[in-house]
Amino acid sequence: MLGQYPLTKDQTLKLLKMYPTPFHLYDEKQIRTNARRLKKAFDWMPGFKNYFAVKALPNPFIMKILREEGMGADCSSMAELVLAEKAGIVGKNIMFSSNDTPADELVAASKLGAIINLDDISHIDFLDKAAGMPDMVSFRYNPGPLKEGNVIIGKPEEAKYGLTREQIFEAYKIVSDKGVKRFGLHTMVASNELGEDYHVGTARMLFDLVVEIHQKLGVRIEMIDLGGGYGIPYHPGDKGIDLELVSRQIRDEYEKLIVGNGLAPLEIVMENGRMVTGPFGWLISRVRHIKNIYRNYAGLDASMANLMRPGMYGSYHHITVLGKEKLPSDHKYDVTGPLCENNDKFAVERMLPELEIGDVIVIHCTGAHGHAMGFNYNGQLRSSEILLRENGEAFEIRRAETLEDYFATLDFNKLEGFKA
Ligand SMILES: *Cc1c(COP(=O)(O)O)cnc(C)c1O
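Rules behind the numbers
- Residues numbered from 1 in each chain as written.
- Predicted model: local features only at pLDDT ≥ 70, side-chain atom pairs only at ≥ 80, totals over all residues.
- Heavy atoms only, no water.
- Pairing = 2+ DSSP bridges.
- Helix = DSSP H or I, 4+ residues; strand = E, 2+ residues; numbered from the N terminus.
- Axes fitted to C-alpha atoms, helices over the stretch in contact; angles between N-to-C directions.
- Contact = heavy atoms within 4.5 Å.
- Near = heavy atom within 4 Å.
- Polar contact = N/O pair within 3.5 Å; in protein donor to acceptor, adjacent residues only side chain to side chain.
- Areas by Shrake-Rupley, 256 points an atom, 1.4 Å probe, with all protein chains shown as cover.
- Nonpolar A, V, L, I, M, F, W, Y, C, P; charged D, E, K, R; others polar.
- Domains from an automatic or database assignment.
- Buried area = accessible area lost by both parts, 1.4 Å probe.
- Salt bridge = Lys/Arg side-chain N within 4 Å of Asp/Glu carboxyl O.

Right, let's get into the pairing of strand 17 (residues 394-398). Of the pairings in the sheet, the one linking strand 16 (residues 384-388) to strand 17 comprises 4 bridges and is antiparallel in character. Across the sheet, residue Leu 387 finds its bridge partner in strand 17, namely Phe 395.

This part is about the sheet that holds strand 8 (residues 223-225). Strand order in the closed barrel formed by 8 strands is 2-3-4-5-6-7-8-9, with parallel pairing between adjacent strands. On average, adjacent strands in this sheet sit at an angle of 25° to one another, irrespective of strand direction. The strands touched by helix 8 (residues 196-217) are strand 7 (182-186), strand 8 and strand 9 (267-270); relative to strand 8, the strand with the most contacts, the crossing angle is about 150°.

Let us now look at the site of the ligand. With respect to spatial proximity, 14 residues lie near the ligand, and among them Lys 55, Gly 229, Glu 271, Arg 274 and His 369 are the closest. Here an oxygen atom of the ligand and a backbone polar atom of Arg 274 are 2.8 Å apart. Between an oxygen atom of the ligand and a side-chain N or O atom of His 369, the distance comes to 2.8 Å. Starting from 390 Å² of accessible surface for the ligand in isolation, the protein chains cover 91%. Its residues assigned to classes, the shell around the ligand shows 2 nonpolar, 7 polar and 5 charged.

On to unusual backbone geometry, then. Omega for the peptide link from Thr 21 to Pro 22 comes to 0°, which places this bond in the cis form. Locating Pro 22 in the fold gives a position in the loop between helix 1 (9-18) and strand 1 (23-27). Residue Ala 264 is joined to Pro 265 through a cis peptide bond whose omega torsion reads -5°. The residue Pro 265 is located in the loop between helix 9 (243-259) and strand 9 in this model. One non-glycine residue, Asn 378, adopts positive backbone phi at about 70°. Relative to the elements of secondary structure, Asn 378 occurs in the loop between strand 15 (360-363) and strand 16.

Taken domain by domain, the chain comprises domain 1 (28-276) and domain 2 (279-406). Taking the mean C-alpha position of each, domain 1 and domain 2 sit 32 Å from one another. Taken together, the contacts link 25 residues of domain 1 with 22 residues of domain 2. Around 2100 Å² of area is buried between domain 1 and domain 2 when both sides are counted, 62% of it from carbon and sulfur atoms. Counting the contacts that link domain 1 with domain 2 gives 2 salt bridges. The closest approach of N and O atoms between Arg 389 and Glu 28, which form a salt bridge, is 2.5 Å. At the junction of domain 1 and domain 2, the tally comes to 7 residue pairs in polar contact (both at pLDDT 80 or more). Counting residues per element, the ones that place at least two in the side of domain 1 that touches domain 2 are helix 2 (28-41), helix 3 (60-68) and helix 10 (274-277). Considering each element in turn, the side of domain 1 that touches domain 2 owes the most residues, 6 residues, to helix 2.

Laid out in structure tokens, this is it:
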């Protein structure tokens, strides 16, 4: 699951002649290899499928590749449903795991035949009124104090998502009284979690709940969705998750709790986004200015508009300098963008080789929650996205924004007749 920057220096320079910086580069080959590895690791699970969390990399070209590798789409908004459909992902290959959901999105998800994963007990009636009850309903479980979260997602007890333990039992009773015959159970309690035990614990928690729901209500859950949240090694010192180990340990729990209680087969699915594409994307940028004041600053031609994670969560993204990979990292920089916001930084007090104007900077692990989080604050434009195909060809899967795009929602003509 470690990403490997796929180009040599010369190949990168050639690419830069065609596409001006900044841009995100994604590597199809590594994305496919990793998708196959994920599938293989969990292939014992009945009905295993990873529903790619579209918000991580909402690009239909990538989604089409993932579909071909057997993935579905985990959507939570109208735009994400549209993207899934455009990529040819429909029906039960869509998991609609939304929250604070508007009625028209439930109608659209229903029309597409998606699995609807409700975030609250009050949404049962809301869904029934908006779109009618589907044949299958899933609920998102929030274990509250029974499970610890992490920095990105927060503690379950303080998180806005899901139904409480008490509500879960009531909810299945209500929907079975309404005639629903097929049931799913979902949870998503951590994000970017590298601990194998944590993920095994999540599966155990849902297995226990499936058994308890069956004992108390006679309701048989046919599918559990373990959510996403598998972490990736952002830091060169991090170790990726041992998927095979997680799989073996979940299998032991499955044998004991599900098979042991006569509840097999139980389908097991996931909604990973980050671990699917994260390590296989790189933000390519150039040093625009070097500035030495109280600290030394390297100002790039990319900004938070292209990668928000460091500014938003203080996340670490590894940085290398093209052609200077072997030089000692003996200079300390804050690596910044041009926003008038002091958290517009890709790295703070980072040791790097000595930088010069024009140096090509490679920011690693930007394939998930990278371009997707971009915003237009301060008039910053979002970059293009380039896919490196398996045959080595570079293919633009999204062009860069232009000023026309930025101003598209303003009508300057109306300004002339407007009296201030
Ligand atoms: C964000 C999200 C995911 C994906 O999380 P990753 O950390 O990218 O794996 C999956 N499911 C839901 C409901 C989410 O909100």
